[in-house]
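Each chain, written out:
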There are 2 protein chains.
Amino acid sequence: MKLKVKDLDIATGGVRIAVLNYLDAEELDIHHLDRIKIKKGKKFCIAVVDISESEKFFKKGNIGLMEEVLADLKAVDGDDVEIRLEKKPKSVIYIKEKLEGKKLDYDKIYSIVNDISLNRLTDIEMTTFVTSYYVHKSNMEEIADLTNAMIKTGQKLDFGKKIVVDLHSVGGVPNNRTTMIVVPIIVAAGYAFPKTSSRSITSPAGTADTMEVLCDVKISVPRLKKIMKKVGGFLIWGGSVNLAPADDKIIQIERPLNLDSPVQMAASIMAKKVSVGSTHLLLEIPVGRETKIKKMSQAMKLKKIFKTLGKRLGIKVRTVITNGNEPVGNGIGPILEVKDVLYILKNDARGPSDLKNKSLLLAGDILEFIGVGKKSRQMAKEILESGLAYKSFMDIVKAQGGKEVDPDELKPGKFSYDFLSERDGYLSGYDNIHLARVARFAGAPRDKSAGVFLYKKAGNRVKKKEKILTIYSNNKVKLEHAVDLIKEGKTVILRSSRNKK
Amino acid sequence: MKLKVKDLDIATGGVRIAVLNYLDAEELDIHHLDRIKIKKGKKFCIAVVDISESEKFFKKGNIGLMEEVLADLKAVDGDDVEIRLEKKPKSVIYIKEKLEGKKLDYDKIYSIVNDISLNRLTDIEMTTFVTSYYVHKSNMEEIADLTNAMIKTGQKLDFGKKIVVDLHSVGGVPNNRTTMIVVPIIVAAGYAFPKTSSRSITSPAGTADTMEVLCDVKISVPRLKKIMKKVGGFLIWGGSVNLAPADDKIIQIERPLNLDSPVQMAASIMAKKVSVGSTHLLLEIPVGRETKIKKMSQAMKLKKIFKTLGKRLGIKVRTVITNGNEPVGNGIGPILEVKDVLYILKNDARGPSDLKNKSLLLAGDILEFIGVGKKSRQMAKEILESGLAYKSFMDIVKAQGGKEVDPDELKPGKFSYDFLSERDGYLSGYDNIHLARVARFAGAPRDKSAGVFLYKKAGNRVKKKEKILTIYSNNKVKLEHAVDLIKEGKTVILRSSRNKK
């Protein structure tokens, strides 16, 4: 059947979609979500059909195409195209098998993951796959197959190094910008550390958001290779390289229902690590009331999953479990966090000691892990305190298009609010979830200067009217929202004496 | 945030969708598939967010709205609207619980089904619900709750009769237009029979498609009530009344993956029956190689599910298992089927005896079921042969806006092809799936005149060059496609002697 192209002027960024009028669809015996092959000359494209029930909005004889389909066909408004019904991809049959509880072999898993990465499956089909994996607890072989397929269908970086180090924190703790200190220490010690980080999803800043205060974090693969050769490491946003793209699409399906099984989390993280060529991964699992992992037993289970999966994927994994109950560092929000990091790297007394100590612990662990020797923690400390780590960090920043900045010249938001203690007492601690929300209400991470600076940590004594924290923002209304939230009283927890809660 | 409306000129017929530019979405911290509340003056609407990544196609400050959203807000291109992030509906939490394998109580199931019927859930959320039900085998209580919720969220018809009869065939057998003969027999016997039928999905004709040759099948509820009062029965397309709308949406999710568990099938059918107020349902289960139910054991299981579900829903169910291996009647396709039906109702010798006998069997069963007595089959025969059934049928046709027609004046397609036997032998039978496809290739059911007429049935002797069947179509190209298919040799199965296959 010949149809006239109507440019819908929309890009989905997902599966290719074509809209047919119901009369044409009936004539061709085509149903909602069927697939059609659209041909224009020698070019063709497979699209999923959406059917418009209304003649008023969408005329018979027209076919509405989204940006991606138009691009595939090099078609414009008014062009003639030819369509015919196309069979479903085979992967849909395999998805059904998985739903029925059958084990899938690697070829079938690859076929599904490949179709996901190429935007060939609809939300219904992908959701069925994701929920089937969720419900039918998969064995490790299947998970490793899934991870391998996600890696194979994306870009794999190879920097030609024997040891490639990586660090991943399971997340949920505000600030915790250890990565920006650990990477330069390890690089200064002479090891490759290609670090891809995420942007914030629900936190006040991801490492990529914070690093972006100083330099580019969206960097092409050829440029990455040059940086790696020159300085031995980088700190970029993972989304700028096409690593395991199927994983990103699976996460999009999981988000609306908050589906995240530990196994799927492990597969997702490992896919990204193997894709950058990592050989050694230090996994930090913060355990705490408001972090992702709330109990030690969960942490131990996750540790085992990562170890087993690592073995199958050929990547060594070492785990460190940390206290996730308290924020680490003083600043929360991109600029405030960068200041913390720079003070530590420059051995300025204003650098928060908890962040410094945790970074040294992790860096030491990595050095020990890759076989540097028993004095690895001491070595990390020497690299940091000698200024070598700062030098490495500046090499990375400059290679990524940034320049050296004085942390004192980095200014947080021009509007601010000091939160004072109502009475004498001790700080019992912060509610991490509320604290993150206050920083986000103030504008972080989009407003780099927005966030919260903490003067007190858990256990500190506070006097009446003493400053506990300051909220910063460049937007007065946003600051007010953040202040309203903190005044609700759930963020800062005080107690009367040193020992009682 | 204030945004300017852009009319997207598309109707989804499903969930309400609004498209935001990624810059606005970032600013508001809104993600793909989040929900927003859109306000224009006092009107508001909850929509699901789609994010456009391209500034080129979709400008910052604009919000693209689909037809349904525009209608809710009474908004047009260029209007200003206000948006804010909206929480997920509670039903999404319950869907997650079901996914985790928990049993849901009626209130939770109702909440999910109600949101489905009101188009409040995305494909991802609905698919998670459907696959969870599929995987975690639900008990009968839950299935009854699901069915009840589907009924409650749709229209329920009440004709004020003590006994309301219904008939349902599980399907898969070509022609099988017993309904159009059974309904008038039962109505002539004095019982209410409000029959809603489906249109064809993959078959050459549904009862609604065939009935449409003679009269309207899309009829409003007030008119249905009048018809019921006047003639005691009707034969309409179920889609014209809003019965259990959630069921239709669930079926749309099941289609792409061919999900149909017997339990879900039962829930779906029963929801429609209870919605028209049926008290007695005769369920026909054709068992055969190419029907939905292939083995007697499956039929027995289905029978039990319907019985149990019927008890919980307050509707009596009787089951009859029939031979589904052979097509019933001579014509396949709307007009050819109507001819068969009219010949039988008019006691014309050209009426196919298999269709007549099967109709009498079913009508007799129904009469016995509702307590007419042991001679119920004889009674059905008398009603048919006395012409009373024909009179009732014509009352129904006229009440639905049709008029009496002479079956000899109903002409099948103007192009035809006679399929002749290649040799002497016996007809072993037809492949139902291929036979249905031949009729569809010829244009059925959209082309009412298209289809296949069978001269021979299984066991009949055929001579070389004798006509086995004729294919009809109003479209020469379509006829050729059908002829090509039948020439492949899989539709008609011949054998050399009377007994061997």
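Computed from a prediction, not measured in an experiment: that's the story for all the values here.

1. Focus: the overall build of chain A
- Looking only at helices and strands, one finds 18 helices and 18 strands in chain A.
- Taking 2.2 N^0.38 as the reference for a compact globule, 501 residues should give roughly 23 Å; the C-alpha atoms of chain A span a radius of gyration of 26 Å, in line with that estimate.
- Projected onto its principal axes, the C-alpha positions of chain A cover 80 × 50 × 45 Å.
- For chain A, the residues scored as buried account for 58% of the 501 residues in total.
- Carbon and sulfur atoms make up 50% of the accessible area of chain A, which amounts to about 21300 Å² in all.
- Charged side chains of chain A number 88 positive and 62 negative; the gap between the two group centres comes to 6 Å.

2. Considerations on the relation of the copies chain A and chain B
- Mapping chain A onto chain B is achieved by rotating through 180° and translating by 0.0 Å along the same axis, at an RMSD of 0.1 Å. Here the copies are linked by what is in effect a two-fold axis.

3. Focus: the interface of chain A and chain B
- In this assembly, 46 residues from chain A lie in contact with 46 residues from chain B.
- Carbon and sulfur atoms supply 56% of the area buried between chain A and chain B, which totals about 4300 Å² over both sides.
- If you look at where chain A meets chain B, you find zero salt bridges.
- Linking chain A to chain B there are nine residue pairs in polar contact (both at pLDDT 80 or more).
- Breaking the side of chain A that touches chain B down by element, the ones donating at least two residues are helix 1 (22-28), strand 4 (43-52), helix 3 (90-99), helix 5 (123-135) and helix 10 (245-254) of chain A.
- Ranked by residue count, the leading element in the side of chain A that touches chain B is helix 5 of chain A, at eight residues.
- By residue class, the composition of the side of chain A that touches chain B is 18 nonpolar, eleven polar and 17 charged.

4. Focus: the sheet that holds strand 12 (residues 331-332) of chain B
Residues and elements named next belong to chain B.
- The strand order 12-15-17-13 describes an open sheet built from four strands, whose pairing is antiparallel. The outermost strands of the open sheet, each flanked by one partner alone, are strand 12 and strand 13 (415-420).
- The sheet contact formed by strand 13 and strand 17 (residues 467-473) spans six bridges and is antiparallel. Across the sheet, the residue bridging to Tyr417 is Ile471, located in strand 17.

5. Here we look at the packing of helix 6 (residues 140-152) of chain A against helix 11 (residues 262-275) of chain A
Residue and element names in this part refer to chain A.
- With their axes 9 Å apart at the nearest point, helix 6 and helix 11 run at an angle of 40° to one another. Considered as vectors, helix 6 and helix 11 are oriented oblique to each other. With respect to the hand of their crossing, helix 6 and helix 11 are arranged in right-handed fashion. Contacts between helix 6 and helix 11 involve Ile143, Thr147, Met150 and Ile151 from the first element and Val263, Ala267, Ser268, Met270, Ala271, Val274 and Ser275 from the second.
- Of the residues in the contact of helix 6 with helix 11, the class split is eight nonpolar, three polar and no charged.

6. Quick word on the pattern of salt bridges
- By the definition in use, this model includes 59 salt bridges over all chains.
- The salt bridge involving Glu385(B) is made with Lys356(B); its shortest N-O contact spans 3.0 Å. You can see Glu385(B) sitting in helix 15 (residues 376-385) and its partner Lys356(B) sitting in helix 14 (residues 353-369), a full 29 residues away along the chain.
- Several salt bridges share partner residues, and in doing so they unite Arg199(A), Asp209(A), Glu212(A) and Lys448(A) into one network.

7. Details of the environment of Leu345(B)
Residues and elements named next belong to chain B.
- The topology assignment puts Leu345 in helix 13 (residues 334-345).
- Judged by relative accessible area, which is 1%, Leu345 ranks as buried.
- Taking C-alpha positions, Leu345 is 13 Å from Val397, a pair spaced 52 residues apart along the chain.
- When sequence neighbours within four positions are dropped, the list of residues in contact with Leu345 reads Met180, Ile181, Pro184, Leu384, Ala389, Tyr390 and Phe393.

8. Brief notes about the pairing of strand 6 (residues 80-86) of chain A
Residues and elements named next belong to chain A.
- In this structure, strand 1 (residues 2-7) lies alongside strand 6, joined through three bridges in antiparallel fashion. Counterpart to Lys2 in the pairing with strand 6 is Glu82.
- In this sheet, strand 6 lies alongside strand 3 (residues 35-40) in antiparallel orientation, the contact comprising five bridges. By the bridge assignment, Lys39 is partnered in strand 6 with Glu82.

9. Focus: the sheet that holds strand 14 (residues 425-430) of chain B
All names here are of chain B.
- Taken in spatial order, the three strands of this open sheet run 16-14-18, and their pairing is antiparallel. The outermost strands of the open sheet, each flanked by one partner alone, are strand 16 (461-462) and strand 18 (492-495).
- One ladder, built from two bridges, connects strand 14 with strand 16; its direction is antiparallel. Pairing of Tyr426 across the sheet is with Arg461, part of strand 16.

10. Section: the side chain of Ser275(A)
- Looking at where Ser275(A) falls in the secondary structure, it is placed in helix 11.
- Discounting chain neighbours no more than four positions away, the residues touching Ser275(A) are Ile151(A), Gln155(A), Lys156(A), Leu157(A), Leu243(A) and Ala244(A).

11. So, the packing of aromatic side chains
- Summed over the entire model, instances satisfying the criterion amount to eight aromatic pairs over all chains.
- For the pair Phe159(B) and Phe234(B), a centre-to-centre distance of 5.8 Å together with 70° between the ring planes defines the contact as edge-to-face. Of this pair, Phe159(B) sits in the loop between helix 6 (140-152) and strand 7 (165-169) while Phe234(B) sits in strand 9 (residues 233-237); the two residues are 75 residues apart in sequence, bridging distant segments of the chain. In this pair, the class of Phe159(B) matches that of Phe234(B), namely buried.
- Across the ring face of Tyr133(A), the terminal group of Lys98(A) is positioned such that the distance to the ring centre comes to 4.6 Å.
- Against the face of Trp237(B) rests Arg199(B), its NZ or CZ located 4.7 Å from the ring centre.

12. Considering helix 13 of chain B
All names here are of chain B.
- In a regular helix each residue adds 1.5 Å, so twelve residues correspond to 16 Å; helix 13 covers 16 Å between its end C-alpha atoms and thus fits that length.
- Of all twelve residues that make up helix 13, twelve are buried, and the element is covered over most of its length.
- Within helix 13, burial applies to Pro334, Ile335, Leu336, Glu337, Val338, Lys339, Asp340, Val341, Leu342, Tyr343, Ile344 and Leu345.
- Looking one or two places after helix 13, you find Asn347, whose phi comes out positive at around 55°.

13. What to know about the environment of Lys311(A)
All names here are of chain A.
- When you line up the elements, Lys311 lands in helix 12 (residues 296-313).
- A relative accessible area of 74% means that Lys311 is categorised as exposed.
- Remark: the alpha-carbon pair of Lys311 and Ala144, spanning 167 residues in sequence, is separated by 9.5 Å.

14. Considerations on unusual backbone geometry
Residue and element names in this part refer to chain A.
- The linkage connecting Ala444 with the following residue, Pro445, adopts the cis geometry, with an omega of 0°.
- Looking at the secondary structure, you find Pro445 in the loop between helix 17 (432-441) and strand 15 (451-454).
- Within the chain, Ala244 stands out as a residue other than glycine whose phi angle is a positive 40°.
- Relative to the helices and strands, Ala244 resides in the loop between strand 9 (233-237) and helix 10.

The rules behind the values
- Residues numbered from 1 in each chain as written.
- Chains lettered and ligands numbered in written order.
- Predicted model: local features only at pLDDT ≥ 70, side-chain atom pairs only at ≥ 80, totals over all residues.
- Heavy atoms only, no water.
- Helix = DSSP H or I, 4+ residues; strand = E, 2+ residues; numbered from the N terminus.
- Rg over C-alpha atoms; globule rule 2.2 N^0.38 Å.
- Buried < 20%, exposed > 50% of the residue type's maximum accessible area, 1.4 Å probe, protein only.
- Areas by Shrake-Rupley, 256 points an atom, 1.4 Å probe, with all protein chains shown as cover.
- Lys, Arg positive; Asp, Glu negative; His and termini not counted.
- Charge placed at Lys NZ, Arg CZ, Asp CG, Glu CD.
- Least-squares fit on C-alpha atoms with pLDDT ≥ 70 in both.
- Contact = heavy atoms within 4.5 Å.
- Buried area = accessible area lost by both parts, 1.4 Å probe.
- Salt bridge = Lys/Arg side-chain N within 4 Å of Asp/Glu carboxyl O.
- Polar contact = N/O pair within 3.5 Å; in protein donor to acceptor, adjacent residues only side chain to side chain.
- Nonpolar A, V, L, I, M, F, W, Y, C, P; charged D, E, K, R; others polar.
- Pairing = 2+ DSSP bridges.
- Axes fitted to C-alpha atoms, helices over the stretch in contact; angles between N-to-C directions.
- Parallel < 35°, antiparallel > 145°, perpendicular 65-115°, else oblique.
- Left-handed = near helix turned anticlockwise from the far one by under 90°.
- Phe/Tyr/Trp six-rings, centres within 6.5 Å; stacked < 30°, edge-to-face > 60°.
- Lys NZ or Arg CZ within 6 Å of the ring centre and 35° of its normal.
- Expected span 1.5 Å × (residues − 1).

Purely geometric numbers; function is a separate question.
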